[in-house]
Amino acid sequence: MPRYNPKEVEPKWRNRWSEAGCFNAEPPGDKPNYYVLEMFPYPSGHIHIGHVRNYAMGDIIARYKKASGYNVLHPMGWDAFGMPAENAAMQTGSHPSTWTYANIEAMRDQLKRMGLSIDWTREFATCDPEYYQQQQRLFLDFWRRGFAYRKESYVNWDPVDQTVLANEQVIDGKGWRSDAPVERRKLSQWFLKITDEADDLLAALDDGRLSGWPDNVKLMQKNWIGKSKGLSMKFRFADETSEFTRPDGFEDGLEVYTTRPDTLFGASFCAIAPDHPLAAHFADGNPELQAFIADCLKSGVSEEAIEKAEKRGFPLPIELAHPFDDRRLPVYVANFVLMQYGAGAIFGCPAHDQRDLDFARKYGLSVLPVVLPPDANSAAFEIADEAYVGPGTLFNSAFLDGLSIEDGISAAIAKIEEMGHGACATQYRLRDWGVSRQRYWGCPIPAIHCGKCGIVPVPEKDLPVKLPEEADFSVPGNPLDRHPTWKHVDCPQCGGKGTRETDTFDTFVDSSWYFSRFAAPAPDKPVDKTAADYWLPVDQYIGGVEHAILHLLYARYFMRLMRQCGYLSVDEPFANLFTQGMVVHRTFRDESGEWILPEDVTVENGVARRRDGKGGPVSIGPIEKMSKSKRNVVSPEAIAETYGADAARWFMLSDSPPERDVEWTAAGVDGAWRLVGRIWDTVSPAKDLLKKNGLSKPAADNALRQATHNAIAGVTDDIDNFRFNKAIARIYEFLNILKKTKTSSDWAQAEALGALTQLIAPFTPHLAEECWETLGGEGFVCEAPWPKPDPALLARETLVLGVQVNGKRRAELEVAADADNETVKKLALSADAVKRHIDGKTIRKIVVVPGRIVNIVAN
RNA sequence: GCGGACGUGGCGGAACCGGUAGACGCAACAGACUUAAAAUCUGUCGGGCAAAUGCCCGUGGGGGUUCGAGUCCCCCCGUCCGCACCA
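Residues numbered from 1 in each chain as written. Chains lettered and ligands numbered in written order. Predicted model: local features only at pLDDT ≥ 70, side-chain atom pairs only at ≥ 80, totals over all residues. Heavy atoms only, no water.

Undergrad: Can you help me understand the overall build of chain A in this one?
TA: Of regular secondary structure, chain A possesses 26 helices and 34 strands. In terms of principal-axis extent, the alpha carbons of chain A reach across some 105 × 85 × 65 Å. In chain A, which comprises 859 residues, the share counted as buried stands at 52%. For chain A, the share of sequence-separated contacts (at least 6 apart) that also reach a separation of at least 24 residues comes to 72%. For chain A, the exposed surface amounts to about 38700 Å²; the carbon and sulfur share of it is 49%. Taken together, the 99 basic and 119 acidic charged side chains of chain A have centroids lying 5 Å from each other. (Helix = DSSP H or I, 4+ residues; strand = E, 2+ residues; numbered from the N terminus. Buried < 20%, exposed > 50% of the residue type's maximum accessible area, 1.4 Å probe, protein only. Contact = heavy atoms within 4.5 Å. Areas by Shrake-Rupley, 256 points an atom, 1.4 Å probe, with all protein chains shown as cover. Lys, Arg positive; Asp, Glu negative; His and termini not counted. Charge placed at Lys NZ, Arg CZ, Asp CG, Glu CD.)

Structure below.
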């Protein structure tokens with residue numbers, strides 16, 4: 001029997017699939033259609049094992065659906081714009097385009113070697129001018145319809161390199177290259193009005209349009225959109241004769257937004273954001289405040305950085321009047337108040353908000369509790385280090401005393417409205433989507449700045465606005481901005497001198513509609529509407545949880561815009577979503593703290609050493625998401641080279657449930673390799689068995705037939721429910737039975753081996769084809785109809801029940817599947833082990849759960 | 001800081017709606033085959049007491065609900081992901 005050799009077998013079948021065009025989607029016809037998509041990769045140059053896992057999952061679904069009779073679309077492309085290419089250009093001098101396309105070449109090869117059932121005829125990269133031209137066209141449409149606008153917004157600014165930094169380039173508040181403390185700087189940038197769609201994006205999460213999405217992702221998006229109902233009110237200034245003269249716009253006082261107007265009586269201060277206009281007003285001529293504000297702007301722009309910073313404030317020389325009594329509230333500029341949320345100003349109720357409490361303790365402000373927990377004593381209740389945010393009854397609150405929080409909120413709003421100080425208001429946490437990036441390697445924003453006409457769209461006939469081929473990457477900053485000629489153009493309206501917009505799009509724009517271009521490519525428009533309507537929405541979308549919010553929310557938003565512009569008819573792009581876990585790996589460092597590749601390390605008894613025995617001690621770090629920077633990566637190429645693609649795919653999907661993180665271990669893939677050999681050794685002796693006629697069919701109680709149909713039913717169910725690890729366990733079980741079952745029936749053998757081959761086909765497609773050919777199956781196994789289980793062979797005649805006495809298992813009982821409860825009780829009581837445990841006790845109750853368990857309660 | 005998840009043998013995990021905890025795989029150990037090794041095959045494999053069968057403990061920790069809890073509720077601990085310019 002020849003040994004299975006993946007190096008010969010795998011390329012052979014890939015060529016045959018490719019020649020036959022097995023995986024090219026068919027034109028619309030009688031078959032139901034199914035669109036499977038994995039999030040497309042960034043062309044970093046190498047596929048990593050996480051890609052293998054992601055694409056193997058999609059491939060299983062694609063192959064399974066194809067075998068089940070669907071017209072399947074399973075495309076692939078490249079999320080090709082982005083910073084790494086530009087970083088590479090700075091480091092090595094290679095042009096981002098050269099670097100990117102070379103990476104794509106390499107990765108396409110690597111992906112092809114995984115044996116994925118992809119329709120490569122639809123491949124494109126987002127950096128192809130044919131793609132980004134259509135993106136520019138979409139943007140012009142959005143702009144025309146008022147979905148896009150410009151406003152000022154902050155960026156991370158590196159004062160030494162004189163460049164904008166991404167959040168990930170800010171490390172501990174410092175620029176990654178210069179090590180200089182970053183600052184926030186204001187730039188005029190492009191935004192898309194995603195907040196206009198906030199209500200519908202939110203509604204779809206709950207109204208069934210996204211019933212195929214996991215609840216945790218929907219919840220995260222819901223929290224991200226963060227719709228809240230509250231009170232928008234103005235605090236009047238306390239002192240008419242203050243040295244302060246009111247600035248324009250603040251004649252009526254300071255506007256704040258709150259979701260907890262019920263706690264107004266607990267207010268002890270107000271605070272405004274460092275970039276609030278009122279702060280600017282007071283900073284004028286106040287160097288100390290200027291310094292404080294500048295200091296606040298010396299943290300990164302990420303919300304995380306702002307929220308984690310120590311709460312600090314700067315008192316302003318004014319006081320505000322409490323709306324309900326004669327208290328005066330001091331006003332601070334505070335670093336934890338966000339200008340972009342609500343009114344950029346808050347009132348602080350320290351007793352019932354942790355941030356406010358921290359702040360109040362630091363500045364010696366009063367802490368008056370106004371919500372009394374259900375069982376607390378109003379005289380004794382005090383706030384120590386923790387704010388009370390639970391339910392309760394209002395007290396210390398005059399006309400609100402005794403009300404619940406909910407009623408208190410309504411009552412407070414009513415009162416403020418009656419006083420004319422404010423009104424109830426709805427707020428969103430969601431902000432408009434800033435799409436401007438001050439970088440070269442992205443899709444140019446098709447706009448022209450003209451001294452006379454303002455900002456003018458590039459006429460459609462002039463699209464695409466292509467990136468200039470020559471660019472200087474030797475210094476930080478935006479190469480488009482300092483390009484000698486590119487940006488200088490004539491204004492399309494007045495013909496005068498103008499300059500191009502030098503910002504490019506956020507790469508999330510590129511990935512917000514690529515799936516519709518896969519489904520419906522067209523030469524002269526973003527999508528072909530007929531094809532888009534046929535294929536969309538994507539039936540099954542698969543990708544990492546790290547995209548749960550931004551990418552998925554932006555894509556949902558884009559579909560709404562494209563529908564409003566008449567490009568297609570859906571508003572939800574992804575009918576079913578699966579978020580797979582990441583591939584993680586142990587990290588290792590040498591004595592100088594440098595990261596070491598896992599393949600260079602051996603671990604014995606918890607002690608890590610270098611494999612070559614050289615060098616100093618190796619410290620074992622935490623298990624983390626695989627990343628180039630920490631070098632905790634493994635190369636799928638090397639694995640596939642040694643074991644073949646099938647073993648690599650099998651291992652990535654066995655053991656860990658798909659939604660959970662999986663830790664890569666070298667030992668695991670060995671087991672997968674053994675399985676490939678075992679299957680081949682089991683199937684290959686049965687040459688042409690499927691071709692043999694006249695085999696006699698055995699009786700229905702044949703054990704092998706039952707096992708076969710159990711396996712078919714189980715694996716099918718597991719694939720349908722994304723439980724690939726369980727499907728694999730069932731295949732192992734089936735294989736174990738297959739090898740143990742001594743059957744004289746060739747008919748049952750043929751059925752079993754045929755089914756085994758079909759069941760493994762989505763997982764190990766090359767091996768399956770080779771087995772199928774050996775067995776004498778017709779055509780490709782990837783095109784053979786998926787087997788169906790025979791219900792008659794799935795039924796069980798007897799069941800084994802556990803018998804408990806007082807909740808502890810004491811015996812097992814084999815009973816007929818249709819035995820009634822009385823029979824089961826009698827049998828249970830007559831078991832020896834049961835008798836021993838109920839001896840001398842009175843039976844109080846017998847619980848019989850049919851098909852499961854019997855519990856005898858006795859004392 | 002805010003939001004979302006996760007925690008079961010030496011390891012990855014299984015356990016459906018609250019019903020026999022540990023399927024399946026990996027590692028380990030023992031045996032068969034072999035001059036030997038590899039590969040392959042067979043068996044054992046949560047801990048403890050017993051060593052035939054039985055008993056006690058055991059699903060991150062503590063409490064609770066229930067005839068019965070890995071699963072439900074409350075509190076705590078730990079790990080991971082996201083936080084709007086990484087993709």
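Undergrad: Which parts of the structure should I look at to understand the state of the cysteines?
TA: Chemically, a disulfide is nothing more than a covalent bond linking the sulfur atoms of two cysteines. One pass over the full model with this rule turns up zero disulfides. The thiol of Cys296 is unpaired, and the distance to the nearest cysteine sulfur, on Cys270, comes to 17 Å. (Disulfide = S-S within 2.5 Å.)

Undergrad: Is there a simple way to think about the packing of helix H7 (residues 215–225) against helix H16 (residues 550–564) in this case?
TA: Geometry of a packed helix pair, given as the angle between the helix axes and the separation of the axes. Two elements in contact, H7 and H16, have axes whose closest approach is 10 Å; the angle formed by their N-to-C orientations is 75 degrees. When the interaxial angle is binned, H7 and H16 end up roughly perpendicular. Contacts between H7 and H16 pair Val217, Gln221, Trp224 and Ile225 from the former with Leu550, Leu552, Leu553 and Arg556 from the latter. Residues belonging to the contact of H7 with H16 are distributed by class as follows: six nonpolar, one polar and one charged. (Axes fitted to C-alpha atoms, helices over the stretch in contact; angles between N-to-C directions. Parallel < 35°, antiparallel > 145°, perpendicular 65-115°, else oblique. Nonpolar A, V, L, I, M, F, W, Y, C, P; charged D, E, K, R; others polar.)

Undergrad: I would appreciate a short explanation of unusual backbone geometry in the present structure.
TA: Glycine aside, negative phi is the norm for most residues, and most peptide bonds take the trans geometry. Here Leu463 and Pro464 are connected by a cis peptide whose omega angle stands at -5 degrees. Locating Pro464 in the fold gives a position in the loop between strand S20 (454–457) and strand S21 (488–490). Geometrically, the link from Leu536 to Pro537 is a cis peptide bond, its omega value of 0 degrees lying close to zero. Inspection of the secondary structure puts Pro537 in the loop between helix H15 (529–535) and strand S24 (540–544). Phi angles above zero are rare outside glycine, and Asp655 is one such case at about 65 degrees. Within the secondary structure, Asp655 is located in the loop between helix H18 (645–653) and strand S30 (662–663). With phi around 60 degrees, Phe722 is a residue other than glycine that occupies positive phi space.

Undergrad: What is the right way to look at the nonpolar core in this model?
TA: The biggest cluster of nonpolar side chains holds 169 residues, and the ones touching the most others in it are Tyr35, Tyr514, Phe515, Met562 and Phe763. Looking at which element gives the most residues to this core, the answer is helix H2 (residues 49–67), with ten residues. Not counting residues up to four positions away in its chain, the partners in contact with Phe763 are Ile60, Arg649, Trp650, Leu653, Ile719, Phe724, Ala727, Ile728 and Ile731. Formed by 40 residues, the second largest nonpolar core is a distinct cluster that contains Phe235, Cys270, Leu278 and Ile293. (Core = buried A, V, L, I, M, F, W, Y, C linked by side-chain atoms within 4.5 Å.)

Undergrad: Would you mind going over helix H20 (residues 703–720) with me for this structure?
TA: Within an α-helix, residues lying three or four positions from one another point in the same direction, as the helix has 3.6 residues per turn. Under the 1.5 Å per step criterion, the end-to-end length of H20 is 26 Å for 18 residues, consistent within 8% with the ideal 26 Å. All of the buried residues along H20 are Leu704, Arg705, Ala707, Thr708, His709, Ala711, Ile712, Gly714, Val715, Thr716, Asp718 and Ile719. Backbone geometry just after H20 places Phe722 at a positive phi near 60 degrees. (Expected span 1.5 Å × (residues − 1).)

Undergrad: Please explain the protein's contact with RNA strand B as it appears in this structure.
TA: In the vicinity of RNA strand B lie 67 residues, with Arg439, Lys726, Glu733, Val800 and His837 positioned nearest. If you look at RNA strand B and keep only atoms within 4 Å of the protein, 67% of those are sugar or phosphate atoms. Within the contact set of RNA strand B, a phosphate oxygen lies 2.9 Å away from a backbone nitrogen or oxygen of Met83. Top element by residues in the surface near RNA strand B is helix H21 (residues 724–740). It accounts for seven residues. Considered class by class, the residues forming the surface near RNA strand B number 22 nonpolar, 19 polar and 26 charged. (Near = heavy atom within 4 Å. Polar contact = N/O pair within 3.5 Å; in protein donor to acceptor, adjacent residues only side chain to side chain.)

Undergrad: Looking at this structure, I do not really get the sheet that holds strand S13 (residues 345–348). What am I missing?
TA: To summarise the sheet geometry, strands pair through backbone hydrogen bonds and adopt either a parallel or an antiparallel arrangement. Strand order in this open sheet of four strands is S11-S12-S10-S13, and the pairing throughout is mixed. With partners counted over all chains shown, the strands left at the sheet margins are strand S11 (313–321) and S13, one partner each. Averaged over all pairs of adjacent strands, the angle between their axes in this sheet comes to 25 degrees, without regard to strand direction. Pairing of strand S10 (residues 269–272) with S13, which is carried by four bridges, proceeds in the antiparallel orientation. Across the sheet, the residue bridging to Cys270 is Phe347, located in S13. (Pairing = 2+ DSSP bridges.)

Undergrad: When you look at the confidence of the model for chain A in this model, what are you seeing that I'm missing?
TA: For any part of a model where pLDDT is low, the fine detail of the predicted coordinates should not be relied upon. This prediction gives chain A a mean pLDDT of 88; 92% of its residues lie at or above 70. Of the two predicted TM-score estimates for the complex, the pTM is 0.92 and the ipTM is 0.93. (pLDDT = per-residue confidence, 0-100.)

Undergrad: Sorry if this is basic, but what is going on with the pairing of strand S12 (residues 328–334) here?
TA: A large share of S12 lies buried, amounting to five of its seven residues. As paired strands, S10 and S12 are joined by three bridges and run parallel to one another. Bridge pairing in S12 links Cys270 to Val331. Strand direction decides the pairing type here: S11 and S12, joined by six bridges, are antiparallel. Bridge pairing links Ala321 to Arg328 in S12. With antiparallel pairing between neighbouring strands as the criterion, S11 and S12 make up a hairpin whose turn holds six residues.

Undergrad: Sorry, what's going on with helix H23 (residues 765–775) here?
TA: Of all eleven residues in H23, ten are buried; the element is thus mostly enclosed. Just downstream of H23 lies Gly776, where phi reads positive at about 85 degrees.

Undergrad: Please clarify how the sheet that holds strand S9 (residues 254–258) should be interpreted in this entry.
TA: Pairing is antiparallel in the open sheet, where three strands are placed in the order S9-S8-S16. For this open sheet the edge positions go to S9 and strand S16 (422–427), each flanked by a neighbour on one side alone. Averaged over neighbouring strand pairs, the angle between their axes works out to 30 degrees when direction is ignored. Of the strands in this sheet, strand S8 (228–235) and S16 are in contact with helix H12 (residues 405–419), which crosses S16 at around 125 degrees.

Undergrad: Sorry, what's going on with the environment of Ala88 here?
TA: The topology assignment puts Ala88 in helix H3 (residues 83–92). In this structure the C-alpha to C-alpha distance between Ala88 and Arg3, which are 85 residues apart in sequence, comes to 44 Å. Among all residues touching Ala88, those that are not within four sequence positions of it are Gly93, Ser94 and Trp99.

Undergrad: What is the right way to read the side chain of Asp646 from this model?
TA: Looking at the element boundaries, Asp646 is found in helix H18. Within the local environment of Asp646, its side chain forms a polar contact with the backbone nitrogen of Leu767, the two atoms lying 2.8 Å apart. Apart from the residues within four sequence positions on either side, Asp646 is in contact with Tyr4, Glu10, Thr764, Pro765, His766 and Leu767.

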